[in-house]
There are 4 protein chains.
Amino acid sequence: MSIVIETGMLKQLVDKLDRLEDDKKNVLDDMKTVYNEAKSQGFDVKTLKKIIKMRRMDRNKLEEDDALLETYRNALGV
Amino acid sequence: MSIVIETGMLKQLVDKLDRLEDDKKNVLDDMKTVYNEAKSQGFDVKTLKKIIKMRRMDRNKLEEDDALLETYRNALGV
Amino acid sequence: MSIVIETGMLKQLVDKLDRLEDDKKNVLDDMKTVYNEAKSQGFDVKTLKKIIKMRRMDRNKLEEDDALLETYRNALGV
Amino acid sequence: MSIVIETGMLKQLVDKLDRLEDDKKNVLDDMKTVYNEAKSQGFDVKTLKKIIKMRRMDRNKLEEDDALLETYRNALGV
DNA sequence: ACAGAAATAAAAATGC
DNA sequence: GCATTTTTATTTCTGT
């Protein structure tokens, strides 16, 4: 049994993922900040989160409708 | 250190959960059967599953709308 | 070219599957309830789940053993 | 009794959070893509994830160590 | 039977 | 500390 690892490629991958994790952290931190500011201005965070969630669910639903249509098309071979 | 376990209660709990697992298994098996029958009648299983999923998503959306309204009510103390 | 879809059959199928999904949901909700009650009585949910899993695995194992035994018996005409 | 809602402010908040959610989604999608590419090149995704996690933990640890050192230095006026 | 995708379950982390 | 959310792990399902 032998294992060959391309260390150059691996290093590249890990660096890229690490940078993406940084991006993610930044976005998450930003959101946290916004929610905190909102709260300190008297907004109810739980409600805000629910509003956001629903907005995005609505948008998803439209995309899902399209996807279903596409599935029909494929199933019917049209 | 001492651990006291009410074995009577525990046994009761485990039995109940075990029965619920049986129920679950039965439902899952029934679904599998229906999907297999559907397939053998020429229906596309993947499409069927997507239809079901969307139907239930639509219904969930309605419930979520109500929940959001309720959240607003609570947030406003109405 | 003409495409014929048996909507009656389809509707029937979807309704049946939808009802089965309801059943499934009910069972899952029941389990959740039981686990929550168990927790509030001081039981460790994680451990409970492991116990249930093991119980059911053991039972499956026994059934498989029996099935194998039966297969041998038939093969040998015993 | 009267209820006043600053809709302008609210709308602004929701828009901003929605955009941040988009950013988040993009980053997560990118990560998924990278992991999939890595997998198709023979890398083990689970292991990759562990490596990233460890790297970041180590870095956090170092930063915390530095912060603690700084705290001491300040306390001692060094 | 097996690879890849999807679903479910379990564990961990976060916020209140 | 409890509950919700997020992440990770395992299992299941489907098409080849």
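Residues numbered from 1 in each chain as written. Chains lettered and ligands numbered in written order. Predicted model: local features only at pLDDT ≥ 70, side-chain atom pairs only at ≥ 80, totals over all residues. Heavy atoms only, no water.

The accessible area lost on association of the parts is a frequent measure of interface size. At the interface, 29 residues of chain C touch 30 residues of chain B. Buried surface at the junction of chain C and chain B, summed over both partners, amounts to about 2900 Å²; 73% is from carbon and sulfur atoms. Put simply, chain C and chain B have 10 salt bridges between them. In this structure, Asp22 of chain C and Arg56 of chain B form a salt bridge, with 3.0 Å as the shortest nitrogen-oxygen distance. The interface formed by chain C and chain B includes 10 residue pairs in polar contact (both at pLDDT 80 or more). Contributing elements (two or more residues each) for the side of chain C that touches chain B: helix 1 (7–40) and helix 2 (45–76) of chain C. Ranked by residues supplied to the side of chain C that touches chain B, first place goes to helix 1 of chain C with 21 residues. The residue makeup of the side of chain C that touches chain B, split by class, is 16 nonpolar, one polar and 12 charged. (Contact = heavy atoms within 4.5 Å. Buried area = accessible area lost by both parts, 1.4 Å probe. Salt bridge = Lys/Arg side-chain N within 4 Å of Asp/Glu carboxyl O. Polar contact = N/O pair within 3.5 Å; in protein donor to acceptor, adjacent residues only side chain to side chain. Helix = DSSP H or I, 4+ residues; strand = E, 2+ residues; numbered from the N terminus. Nonpolar A, V, L, I, M, F, W, Y, C, P; charged D, E, K, R; others polar.)

Around DNA strand E, the neighbouring residues are Lys32 and Lys39 of chain A, Lys24 and Lys53 of chain B together with Lys24, Lys46, Lys49 and Lys50 of chain C. Considering DNA strand E, the proportion of its atoms within 4 Å of the protein that are sugar or phosphate atoms stands at 100%. Lys24 of chain C places a side-chain nitrogen or oxygen 2.5 Å from a phosphate oxygen of DNA strand E. Of all the elements in the fold, those that place two or more residues in the surface near DNA strand E are helix 1 (7–40) of chain A together with helix 2 of chain C. A per-element tally of the surface near DNA strand E places helix 2 of chain C first, with three residues. Partitioning the surface near DNA strand E into residue classes produces no nonpolar, no polar and eight charged. (Near = heavy atom within 4 Å.)

Tallying the contact residues gives 29 residues for chain D and 30 residues for chain A. For the pair chain D and chain A, the two sides together bury roughly 2900 Å², of which 73% comes from carbon and sulfur. Run the count over chain D and chain A and you get 10 salt bridges. Residues Asp15 of chain D and Arg55 of chain A are paired through a salt bridge, measuring 3.3 Å at the closest nitrogen-oxygen approach.

As a further point, take the relation of the copies chain D and chain A. Each of the two chain copies goes to the other by way of a rotation about an axis and a shift along it. Aligned on chain A, chain D shows an RMSD of 1.6 Å; the corresponding rotation is 176° and the shift along the axis is 0.3 Å. Put plainly, the chains are arranged around a two-fold axis. Of the C-alpha atoms belonging to chain D, the one lying closest to the rotation axis is found on Lys24 of chain D, 3.4 Å away. Comparing interface residues between copies, 100% of those in chain D also sit at the interface in chain A, which points to an isologous, same-surface contact. (Least-squares fit on C-alpha atoms with pLDDT ≥ 70 in both.)

Two packed helices can be described by the angle between their axes and the distance between those axes. Interhelical geometry of helix 2 (residues 45–76) of chain B versus helix 1 of chain C gives an angle of 60° and a closest axis separation of 10 Å. Taken together, the axes of helix 2 of chain B and helix 1 of chain C lie oblique to each other. Where helix 2 of chain B crosses over helix 1 of chain C, the two elements pack in a sense that is right-handed. Residues Leu48, Ile51, Ile52, Arg55, Arg56 and Arg59 of chain B of helix 2 of chain B lie in contact with helix 1 of chain C, whose contacting residues are Leu10, Leu13, Val14, Asp15, Leu17, Asp18, Glu21, Asp22 and Lys25 of chain C. Looking at side-chain class alone, the contact of helix 2 of chain B with helix 1 of chain C contains seven nonpolar, no polar and eight charged residues. (Axes fitted to C-alpha atoms, helices over the stretch in contact; angles between N-to-C directions. Parallel < 35°, antiparallel > 145°, perpendicular 65-115°, else oblique. Left-handed = near helix turned anticlockwise from the far one by under 90°.)

Below, the discussion takes up helix 2 (residues 45–76) of chain A. In this model helix 2 of chain A runs 46 Å from its N-terminal to its C-terminal C-alpha over 32 residues, within 8% of the 46 Å that 1.5 Å per residue would give. Within the span of helix 2 of chain A, buried status applies to Val45, Thr47, Leu48, Ile51, Ile52, Met54, Arg56, Leu68 and Thr71 of chain A. On the buried face of helix 2 of chain A, the contacting elements are helix 1 of chain A, helix 2 of chain B together with helix 1 (7–40) of chain D. Two residues or fewer after helix 2 of chain A comes Gly77 of chain A, characterised by a positive phi angle close to 65°. (Expected span 1.5 Å × (residues − 1). Buried < 20%, exposed > 50% of the residue type's maximum accessible area, 1.4 Å probe, protein only.)

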